[in-house]
Structures are given as C-alpha cells and as structure tokens.
Amino acid sequence: MSVGAPSTDALAPVDLMQQLAEGGDQSLAALWRSRVELHGRDTYAGVRMSKFPEDLRTYEKLLWERAPRVVIEIGVQYGGSTLWLRDRLFDFQRYRSGAAPMVIALDIDLTEARRSFSDLPPEGTAGIELLEGDIRNDDLLAEIRAMVPSDTEVLVIEDAQHDATTTLAALRGLAPLVRAGGYYMVEDTCVDIEPLRVTQEWPRGCGLALEEWLAADALGRRFRRRADLQPYGLTCHPGGLVQRLADV
C-alpha cells in the first residue's frame, strides 16, 4: 500500500464560528474565551501580537496567492503583526522577482510600536513604513494613497477601532486601492456577534459597517465575502474577508 497525501476531495471544514454564534455549546464557548485571552498575550519575534494562528494561516495563503507589493495595516498596537506581515512578504519574495514589498502600518498612536522597534537593528524594520494618525482624516488617506505605486497589488487589513465610523472611513478611502481579485479584511467582526463578545467593554459596529458598505456602496457591491478562505475552524473575523470582483 502506498502512502501519500490524504485526499481533500470530500473535505468539508467544520464551521465552529456558526456553532459559536448560535451560543448552544458551552465547551466550545469556553474554548473561544480561552483563545481570545491567550491571543492577547501572544508574541512574535519577542513583540506582542494579538492574532489567532488560524487567521495568520489565512493571511499566509492570501499573501502567497496574490503576492501583494503593498500591505496596508490599519491598527498596529505593539507591532508584532507588522513584523510578521513584513517577514512573510520578504520570505515569499525569495521565490519571485520584482520590486521589494512594503508594509504601510498606521495607528492613531504609535508609541508602543516605536518602543517595540527601538531595539531592533535597521534591517529589522526594513520594508515597514509607520504612519501616525486617524484613518478618518482625509489628508492621511491621501498620504497613504500617494505611497502606493500605481497598478500595484494591495492587501488591506483594517484592525482599528472596530466601530462603524472608522471602518466605513477605511473602506471608502482604501478599498479603491484593491485590484480585481484582491482582498480586504475587516478584523474583529466578532464584536458584533453577541455570543462571541467576551466583555461588554468591546466596541461594536465594524461588522455591521462592512455589511452596510457591501450592500449600499457602489464599490462595495463589487466585493463579495470569502468565508470559504477562512476554513480553519476559528477566526476573530467571521465574514470579514472580502474579495473584489473582476471588472466588467
């Protein structure tokens, strides 16, 4: 008998997020709460990074599939995910030709990220451009757009305030940079699903804002949700990944 890779023809990923949203399974709810707590204390390269490993795996596949020249990360916190994204881009670049990739990392307050990066050598932050400011500011949006070369593959990751106003401002300002076939992620849409809310101190509105934008905005109607690309059971961003459709 030969041993090879298992067949994936009949693979049907288990949708744990739907079970969690229904709120009936207490053991699954306990797993969710523990994972939320753990991911808030995790690190990458010694720098704090609040990401589920399942979500990182999704990003890794998107980075390989689309080979973005630019990743725009809105919401940097301590900077661990910024380093992770840059490292994945640089690692994948070894298999490709073309211009060096870049992460444009924005936060309303970069104090913690700058502190995290302060002890790194220059090559440790190569390919990272830090911007401080509010994504709702039109001048800042214009500055970001000016940093992106024309006809460039862009991945946008919005991990800002998780409220409707901020998410809509980011979508309206940055979604036009995403080319046909490219992706935009609104993170932490779990805040709008009641059984997933670990604390009432969490903000609300980012998931609802994305839903409104997809339904009512002219450009939003050119995007579709890609939950099928988040197949790893758990995610902080249920329904948050959208892909731009081909232009017609």
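Residues numbered from 1 in each chain as written. Predicted model: local features only at pLDDT ≥ 70, side-chain atom pairs only at ≥ 80, totals over all residues. Heavy atoms only, no water.

Enquirer: Quick question: what am I supposed to make of the sheet that holds strand 9 (residues 241-244) here?
Expert: Strand pairing in a sheet is mediated by backbone hydrogen bonds. Such pairs are either parallel or antiparallel. Strands sit in the order 5-4-3-6-7-9-8 across an open sheet of seven strands; the sheet is mixed. This sheet does not close on itself; its edge strands, each paired only once, are strand 5 (128-132) and strand 8 (223-225). Within the sheet, the average angular offset between the axes of one strand and its neighbour, ignoring direction, is 20°. Pairing analysis gives five bridges linking strand 4 (residues 102-107) to strand 5, with the strands arranged parallel. Pairing of valine 103 across the sheet is with isoleucine 128, part of strand 5. Its contacts with the sheet place helix 7 (residues 164-174) against strand 3 (70-74), strand 6 (154-158) and strand 7 (183-186), and it is angled at close to 170° to strand 7. Helix-sheet contacts for helix 8 (residues 206-216) involve strand 7, strand 8 and strand 9, and the interaxial angle to strand 8 is about 135°. (Pairing = 2+ DSSP bridges. Helix = DSSP H or I, 4+ residues; strand = E, 2+ residues; numbered from the N terminus. Axes fitted to C-alpha atoms, helices over the stretch in contact; angles between N-to-C directions. Contact = heavy atoms within 4.5 Å.)

Enquirer: Where do I start with the packing of helix 7 against helix 8 in this structure?
Expert: The relative placement of two packed helices is expressed as an angle between their axes plus a distance between the axes. It is the contact of helix 7 with helix 8, at a shortest axis distance of 8 Å, that shows an interaxial angle of 40°. When the interaxial angle is binned, helix 7 and helix 8 end up oblique. You can see that helix 7 and helix 8 cross each other, and the crossing is right-handed. Here helix 7 contributes Ala164, Thr167, Leu168, Leu171 and Arg172 to the contact with helix 8, which in turn contributes Cys206, Ala209, Leu210, Glu212 and Trp213. Tallied by class, the residues present in the contact of helix 7 with helix 8 amount to seven nonpolar, one polar and two charged. (Parallel < 35°, antiparallel > 145°, perpendicular 65-115°, else oblique. Left-handed = near helix turned anticlockwise from the far one by under 90°. Nonpolar A, V, L, I, M, F, W, Y, C, P; charged D, E, K, R; others polar.)

Enquirer: Explain unusual backbone geometry to me, please; I cannot follow it from the model alone.
Expert: Of all residues except glycine, most have a negative phi; of all peptide bonds, most are trans. Phi angles above zero are rare outside glycine, and alanine 67 is one such case at about 50°. The residue alanine 67 is located in the loop between helix 3 (53-66) and strand 3 in this model. Of note, the phi angle at aspartate 188 is positive, near 60°, even though the residue is not glycine. Take aspartate 188: it is sitting in the loop between strand 7 and helix 8. A relative accessible area of 14% places aspartate 188 in the buried class. (Buried < 20%, exposed > 50% of the residue type's maximum accessible area, 1.4 Å probe, protein only.)

Enquirer: Is there a simple way to think about the nonpolar core in this case?
Expert: What tends to happen in soluble globular proteins is that the nonpolar side chains get buried as a cluster. If you look at the biggest cluster of nonpolar residues, it comprises 33 residues, and the most contacted ones within it are Ile72, Ile74, Leu174, Tyr184, Trp213 and Phe223. Residue assignment for this core shows that the elements contributing at least two residues are strand 3, strand 4, helix 6 (138-147), strand 6, helix 7, strand 7 and helix 8. Sorting elements by how many residues they give to this core places helix 8 first, with five residues. Beyond its immediate stretch of four places on either side in the chain, leucine 174 contacts Ile72, Ile74, Ile135, Leu141, Ile144, Val156 and Tyr184. With 25 residues, the next largest nonpolar core counts Val47, Tyr59, Val76 and Ala105 among its residues. (Core = buried A, V, L, I, M, F, W, Y, C linked by side-chain atoms within 4.5 Å.)

Enquirer: What should I look at first to understand the packing of aromatic side chains in this one?
Expert: Two aromatic rings, taken as a pair, are described by how far apart their centres are and by the angle between their planes. Counting across every chain of the model gives four aromatic pairs. Arranged with centres 5.6 Å apart and planes meeting at 65°, the rings of tryptophan 32 and phenylalanine 52 form a pair that is edge-to-face. Here phenylalanine 52 lies in the loop between strand 2 (47-48) and helix 3 and tryptophan 32 lies in helix 2 (residues 26-39), a separation of 20 residues in the sequence. Judged by its relative accessible area of 1%, phenylalanine 52 is buried. Both rings, one in tryptophan 64 and one in phenylalanine 92, keep their centres 5.2 Å apart while their planes meet at 70°; by these two values the pair is edge-to-face. Highlighted residues: tryptophan 64 in helix 3 and phenylalanine 92 in helix 4 (residues 80-93), separated in sequence by 28 residues. We classify tryptophan 64 as partly exposed; its relative accessible area is 41%. By relative accessible area, phenylalanine 92 is classed as buried at 15%. The rings of Trp64, Phe92 and Tyr95 are connected pair by pair, giving a single aromatic cluster. Sitting above the plane of the phenylalanine 52 ring, arginine 35 keeps its charged end 5.0 Å from the centroid. (Phe/Tyr/Trp six-rings, centres within 6.5 Å; stacked < 30°, edge-to-face > 60°. Lys NZ or Arg CZ within 6 Å of the ring centre and 35° of its normal.)

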